[in-house]
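Examining the three-dimensional arrangement
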Amino acid sequence: MASIFDSENNSGVIKSVGCDGDTHRRLVDMGLLGATYRIKAKKRGSALIDFGDFSAVTRDELSRSIEVEQ
C-alpha cells in the first residue's frame with residue numbers, strides 16, 4: 001500500500017490512517033476509512049483532496065500518514 005502523498009494514481013480507497021491520536025480519531029469520525037479519494041491539486045507542500053462527502057487541504061506530512069489502495 002502507498003500513502004496518498006506517494007500515490008501514483010490521483011484516486012483510490014483509503015485503507016488506514018496512521019497519525020497522532022486526536023487527528024486519527026477526528027479523521028475516522030469523519031468517515032475517512034473506506035472512503036474514496038481524488039487528488040484535485042498539489043501545490044507547495046499541500047494537496048486539495050476530495051474525500052467523497054467533503055474536500056480538504058492536507059499538508060504533505062498528513063498525506064504521508066494516510067494509506068490507500070490504488
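Coordinates for the structure precede this section.
What you see is a predicted model, and the numbers here were worked out from it, not measured in a lab.

Bridge count for strand β4 (residues 46-50) against strand β5 (residues 55-59) is 5 bridges, and the pairing is antiparallel. Within β5, the position partnered with I49 by the bridge is A56. In this antiparallel pair of consecutive strands, β4 and β5, the connection spans 4 residues, and G52 shows a positive phi of 90°.

The next subject is the pairing of strand β6 (residues 66-69). In summary, the side chains of a regular strand alternate between the two faces of the sheet. Here β6 shows one buried face, formed by I66 and V68, and one open face, formed by E67 and E69. Both strand β1 (residues 2-3) and β6 contribute to a ladder of 2 bridges, which runs antiparallel. Among the inter-strand pairings, S3 is bridged to a residue of β6, identified as E67. Sheet topology note: the strand β2 (residues 11-17)/β6 ladder contains 4 bridges and is antiparallel. Pairing of V13 across the sheet is with E69, part of β6.

With that out of the way, let us pick up unusual backbone geometry. With phi around 45°, R44 is a residue other than glycine that occupies positive phi space. Among the secondary structure elements, R44 is positioned in the loop between β3 (36-43) and β4.

Turning to the side chain of S7, a few remarks are in order. Within the element layout of this structure, S7 appears in the loop between β1 and β2. Polar side-chain contacts of S7 include one of 2.4 Å to the backbone oxygen of N9. At a separation of 3.0 Å, a polar atom in the side chain of S7 contacts the side chain of Y37. Excluding residues that lie within four positions of it along the chain, S7 makes contacts with Y37 and Q70.

What counts and how
- Residues numbered from 1 in each chain as written.
- Predicted model: local features only at pLDDT ≥ 70, side-chain atom pairs only at ≥ 80, totals over all residues.
- Heavy atoms only, no water.
- Pairing = 2+ DSSP bridges.
- Helix = DSSP H or I, 4+ residues; strand = E, 2+ residues; numbered from the N terminus.
- Buried < 20%, exposed > 50% of the residue type's maximum accessible area, 1.4 Å probe, protein only.
- Polar contact = N/O pair within 3.5 Å; in protein donor to acceptor, adjacent residues only side chain to side chain.
- Contact = heavy atoms within 4.5 Å.

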